[in-house]
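As a plain string of letters, each chain reads:
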Amino acid sequence: MGTPLPDGIVAVVKADCPTCRLVAPVLAELRAAGVPLTVFTQDDPAFPAGLDPVDDTELDVSVALDLDTVPTLVRVEGGTEVDRLVGWSRPQWEKFTGVGPLGDGLPEHRPGCGSLTTDPAVIERLAARSTGLRSRRLELARLEDEAEAFFERGWTDGLPVVPPTPARVLRMLGGTTRAADEVVAVVGPDFADCTVEKAAVNAVMAGCRPEYFPVVLAAVEAACTDEFNMHGLLCTTWFSGPVVIVNGPITTEIGMNSGVNALGQGNRANATIGRALQLIVRNIGGGRPGEIDRSTLGGPGKYTFCFAEDEAGSPWEPLSVERGFPEGISTVTLFAGDGPRGMCDQKSRDPESLARSLAWALDSVWHPKLALITDAVLVVSPEHGRVFREAGWSKARLRERLLELGTKPLSEIAAGAQGCAEGMAVGPGGVKSAFGGSAGDADAATDPAEVRIPKFVPDGLLIVHAGGTAGLFSAVIGGWARGAIGSSPVTREVKQ
Amino acid sequence: MSPTVDSDVRVYLDPTSERTAISRTLAERPPSLDGKVIGLLDIIKPRGDVFLDRLETLLNERGLRTLRFRKPTFTKVAPIDLRHEIATKCDVIVEALAD
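Remember, predicted model here, so these are calculated numbers, not experimental data.

Let us now look at unusual backbone geometry. Residue and element names in this part refer to chain A. That bond from F47 to P48 is cis: its omega, -5°, falls within 30 degrees of zero. With respect to the element layout, P48 can be found in the loop between β2 (37–41) and β3 (54–55). A cis amide bond, omega -5°, links G100 with the succeeding residue P101. Mapped onto the secondary structure, P101 falls in the loop between α3 (90–97) and β8 (109–110). Despite not being glycine, D66 has its phi angle at roughly 55°, a positive value. Relative to the elements of secondary structure, D66 occurs in the loop between α2 (60–64) and β4 (69–70). Positioned with a positive phi, F191 is a non-glycine residue whose angle comes to about 55°. Note on placement: F191 falls in the loop between β11 (183–187) and β12 (192–195). What makes F191 partly exposed here is its relative accessible area of 44%.

With that out of the way, let us pick up the side chain of T272(A). Residue and element names in this part refer to chain A. Considering the arrangement of structural elements, one finds T272 in helix α11 (residues 268–283). A relative accessible area of 8% means that T272 is categorised as buried. Sequence-distant contacts of T272, defined by excluding residues within four places in its chain, comprise A206, G207, C208 and Y212.

Moving on to the interface of chain A and chain B. The interface of chain A with chain B comprises 42 residues on the first partner and 24 residues on the second. Applying the counting criterion to the chain A and chain B interface returns four salt bridges. We note a salt bridge from D81(B) to R142(A), for which the minimum N-O separation is 3.3 Å. Between chain A and chain B we count 16 residue pairs in polar contact (both at pLDDT 80 or more) in total.

As a further point, take the confidence of the model for chain B. The predicted model of chain B has a mean per-residue pLDDT of 84, with 85% of residues at 70 or higher. If you check the scores for this complex, the pTM reads 0.73 and the ipTM reads 0.70.

On to the pattern of salt bridges. All names here are of chain A. Within the structure shown, the criterion is met by 28 salt bridges over all chains. Note that E322 is salt-bridged to R399, the shortest N-O span being 2.6 Å. Placement of E322 in helix α12 (residues 319–322) and of R399 in helix α15 (residues 395–405) is noted, with a sequence separation of 77 residues between them. Residue E322 is classed as partly exposed on the basis of its relative accessible area, which comes to 28%. Classification of R399 by relative accessible area gives buried; the value is 14%. The closest approach of N and O atoms between D363 and K408, which form a salt bridge, is 2.5 Å. In this pair, D363 sits in helix α13 (residues 351–363) while K408 sits in strand β17 (residues 408–409), placing the two residues 45 residues apart along the sequence. Judged on exposure class, the residue D363 and its partner K408 are both buried. Among the ionic contacts, a cluster of salt bridges with common partners joins E352, R356, R401 and E404.

Another aspect to go through is the side chain of E309(A). All names here are of chain A. Within the secondary structure, E309 is located in the loop between β14 (306–308) and α12. Of the buried charged residues, E309 lacks a salt bridge, with K395 as the closest side chain of opposite charge at 4.6 Å. A distance of 2.9 Å separates a polar side-chain atom of E309 from the backbone nitrogen of L319. There is a polar contact of 3.0 Å between the side chain of E309 and the backbone nitrogen of H465. Once you skip the residues sitting within four places of it in the chain, E309 turns out to touch V246, N247, S258, S314, P318, L319, I463, V464 and H465.

What follows covers a nonpolar patch on the surface. A cluster of nonpolar residues, V183(A), V186(A) and F191(A), forms a patch on the protein surface that exposes about 240 Å² of accessible area. Classification of V186(A) as partly exposed rests on a relative accessible area of 39%.

Residues and elements named next belong to chain A. Along the chain, E311 falls in the loop between β14 and α12. Relative accessible area serves as the criterion here: at 25%, E311 is assigned to the partly exposed category. In this structure, E311 is in contact with N247, G248 and P318, ignoring residues within four places of it in sequence.

Further remarks concern the environment of S115(A). Residues and elements named next belong to chain A. In this fold, S115 is placed in the loop between β9 (113–114) and α4 (120–130). For S115, a relative accessible area of 1% corresponds to the buried category. Residues S115 and P164, spaced 49 residues apart in sequence, show a C-alpha to C-alpha distance of 27 Å. Leave out the neighbours within four places in its chain, and S115 touches Q42, L67, D68, T69 and V70. At 2.6 Å, the side chain of S115 and the side chain of T117 are in polar contact.

Time to look at α13(A). Taking 1.5 Å per residue as the helical rise, α13(A) with its 13 residues ought to reach 18 Å, and the 18 Å between its terminal C-alpha atoms agrees with that figure. One side-chain oxygen at the N-terminal end of α13(A) lies 3.1 Å from the backbone nitrogen of E352(A); it belongs to D350(A).

Helix α8 (residues 213–223) of chain A sits mainly inside the fold: ten of its eleven residues count as buried. Buried within α8(A) are the following residues: F213(A), P214(A), V215(A), V216(A), L217(A), A218(A), A219(A), V220(A), A222(A) and A223(A).

A separate point is the packing of aromatic side chains. Summed over all chains, the structure comprises eight aromatic pairs over all chains. Taking 4.7 Å as the distance between ring centres and 90° as the angle between the ring planes, the aromatic pair formed by W238(A) and F239(A) counts as edge-to-face. Both rings, one in W316(A) and one in F388(A), keep their centres 5.8 Å apart while their planes meet at 40°; by these two values the pair is tilted. Here F388(A) lies in helix α14 (residues 382–391) and W316(A) lies in the loop between β14 and α12, a separation of 72 residues in the sequence. Here W316(A) matches F388(A) in class, with each residue buried. Through a chain of ring-to-ring contacts, three or more aromatic side chains come together here, namely F150(A), W155(A) and Y12(B). A cation over an aromatic ring shows up here: R75(A) above the ring of F96(A), its NZ or CZ 4.4 Å from the ring centre.

Conventions and cut-offs
- Residues numbered from 1 in each chain as written.
- Chains lettered and ligands numbered in written order.
- Predicted model: local features only at pLDDT ≥ 70, side-chain atom pairs only at ≥ 80, totals over all residues.
- Heavy atoms only, no water.
- Helix = DSSP H or I, 4+ residues; strand = E, 2+ residues; numbered from the N terminus.
- Buried < 20%, exposed > 50% of the residue type's maximum accessible area, 1.4 Å probe, protein only.
- Contact = heavy atoms within 4.5 Å.
- Salt bridge = Lys/Arg side-chain N within 4 Å of Asp/Glu carboxyl O.
- Polar contact = N/O pair within 3.5 Å; in protein donor to acceptor, adjacent residues only side chain to side chain.
- pLDDT = per-residue confidence, 0-100.
- Lys, Arg positive; Asp, Glu negative; His and termini not counted.
- Patch = residues over 30% accessible without salt bridge, like charges linked within 9 Å, V, L, I, M, F, W, Y side chains within 5 Å.
- Areas by Shrake-Rupley, 256 points an atom, 1.4 Å probe, with all protein chains shown as cover.
- Expected span 1.5 Å × (residues − 1).
- Phe/Tyr/Trp six-rings, centres within 6.5 Å; stacked < 30°, edge-to-face > 60°.
- Lys NZ or Arg CZ within 6 Å of the ring centre and 35° of its normal.

Structure follows, in structure tokens:
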């Protein structure tokens, strides 16, 4: 508080409190008796009439006194509180003030009311005023439309956002133990610092609940690593965006969807966590379509693409465990991926037959004649997963078989083969991938039927289990350029 | 009564990296005042109203429509609601500074 309290008796009241109204005549008696009395009023600046109340509607004095109750009497000496009394009690007031008899006709006792500073709505406003949130303030007039104001400033993904009031941002910050000013990551393409507070502002806008916030922070960290290469992913002409796959107990704690329509709409956590990451890339990283985002066609996943793995129903170990985290630890895995493409196999009841179908679906990623160019996520649904479970196929065995089935002779996939100009290029030094990396040893003298090239590298094929229990369908999420040239999947622990 | 803390102005937090300063380009000056609504903003420095009264008379004599506004104090920027009201009601604004 800027100024010290006035010496004498300080009374804090609010007009909305029946006890305060009851004691208003008593305060007048004290004033008449010559008690040096100062009355602060929390709500109505004119109450109590005739006592020259001091306006504390900003609640500065009430906060400084840490009040729970009104009326409160405080004895002040030398600007410092030496004693206090709450509520109304005739004997206690007479003893406290040294004036009596007081309050003729009033009941002996009457408890006070809650100080306005204890009102939950006010607490949040006060906290917002005093917590030192550092973000620049935007003020809007009462008649301005908030949703339109955010569209006009280019701060949305094309859909309306939840307006990030200080109170909402504070609630979001309550979802993590991390300090608001801690830098979570440096976000490309602008390579700007993303503090926990800035992430919270965008998480509010995305529609997240505070309990989702640790997942958002882990996703931002994972996305902004050199391996994941969010900058390049944002700038590419390709379709991909960050796909967030969540594992571990937090998925059920925050109600994520790993079942029916897991890759689709309708679940708040799935929808808003992925959206928060995209808004952070847009607003903090400066990644906007048509500017540095040069995607030829883009994809709906660039609004949001986030889902949980169905671990309980899975025939296999979770993705997080496969990627080196203990069971029971929550993680996010970021994958630079396109939209999902469906694959139907309603006839296979043995794993070899089903693996062939899955391999064909994987062949189509980028182009059936392009290999070693990208990674992929295979989302195996419960009805397909059951085939592998009943046959005792581990995830490693399925992956191994898929890699074998995806390995093709150069004679089939070389540029120009099968009447199609696209395909693997053979030049000096061997077979080249689309981005110039080596894809195998070959030269003009090599028999292309003898050179066999795998579609994927072993760690470039991620297999997860999700989806509704009806439907003999699985999904392939194709990737962007793989490895050091483009992006590698990155997994991070979700920390509270 | 409800508390007045933060209730009169709606405040939001900027979601960006704040590397770009908030700036607005000035609206282009109209080639003519014909048919325009002209706001006259008194910042309440003494005798600013004298200047604006005379200006209003001259503008009205030309058949131009004027609206008057006053800032609560010349020491602070105009409240956001006043700015919004001016922006929505007027085509041009004349702000009088007197001293």
